[in-house]
Amino acid sequence: MRQKSFFSPQVVENFIDVGEEVGLGGKKCEIAVLFTDIRGFTELSSKNKPETIVDILNRHYDFLLEEIFKNGERI
């Protein structure tokens, strides 16, 4: 099973290159937030096994992350 990453390769590279440690105080920066809604999710989740729902969500997130990472900082 491959490890999932919710950080783009550019963000990971930046942490490695700059070597910054982010402490508890964090760091102020501009970000973009993406909210998604899956039509009929409540009914879907009530009629399927938890494992099936996790698989559906993972495929959904994989698709979204692929598109986001493809666009990089242009978003």
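The rules behind the values
Residues numbered from 1 in each chain as written. Predicted model: local features only at pLDDT ≥ 70, side-chain atom pairs only at ≥ 80, totals over all residues. Heavy atoms only, no water. Helix = DSSP H or I, 4+ residues; strand = E, 2+ residues; numbered from the N terminus. Buried < 20%, exposed > 50% of the residue type's maximum accessible area, 1.4 Å probe, protein only. Areas by Shrake-Rupley, 256 points an atom, 1.4 Å probe, with all protein chains shown as cover. Patch = residues over 30% accessible without salt bridge, like charges linked within 9 Å, V, L, I, M, F, W, Y side chains within 5 Å. Salt bridge = Lys/Arg side-chain N within 4 Å of Asp/Glu carboxyl O. Expected span 1.5 Å × (residues − 1). Arc of directions from axis to C-beta. pLDDT = per-residue confidence, 0-100. Contact = heavy atoms within 4.5 Å.

Caption draft 1: A look at the overall build of the protein. Scanning the protein for helices and strands turns up three helices and zero strands. In the protein, the succession of helices and strands from N to C terminus is α-α-α. Counting the 75 residues in the protein, one finds 5% classified as buried. Total accessible area on the protein is roughly 7,200 Å²; 56% of this is exposed by carbon and sulfur atoms.

Caption draft 2: Here's a closer look at a nonpolar patch on the surface. Where nonpolar side chains cluster on the molecular surface, the patch consists of Phe7, Val11, Val12, Phe15 and Ile16 and spans about 460 Å² of accessible area. Assignment of secondary structure puts Ile16 in helix α1 (residues 9-18).

Caption draft 3: View of helix α3 (residues 50-71). Spanning 22 residues, α3 covers 32 Å between terminal C-alpha atoms, matching the ideal 32 Å at 1.5 Å per step. Along α3, the residues classified as buried are Ile53, Leu64 and Leu65. For α3, the buried positions fall inside an angular range of 100° around the axis, keeping them on one side. Of the exposed residues in α3, the ones pointing more than 90 degrees away from its buried face are Glu51, Arg59, Glu66 and Lys70.

Caption draft 4: Expanded view of the confidence of the model for the protein. Counting all residues, the mean pLDDT for the protein is 79, and 79% of those residues have values of 70 or more. The element-level mean pLDDT for the protein is lowest in α1, coming to 73, with helix α2 (residues 41-46) highest at 94.

Caption draft 5: Local environment of the environment of Leu57. For Leu57, the location among the structural elements is in helix α3. The sequence separation of Leu57 and Ile38 amounts to 19 residues, and the corresponding C-alpha distance is 9.3 Å. Beyond its immediate chain neighbours, meaning those up to four positions away, Leu57 contacts Ile38 and Phe41.

Caption draft 6: Seen up close, the environment of Phe69. Inspection of the secondary structure puts Phe69 in helix α3. In this structure, the C-alpha to C-alpha distance between Phe69 and Ser8, residues 61 residues apart in sequence, is 5.6 Å.

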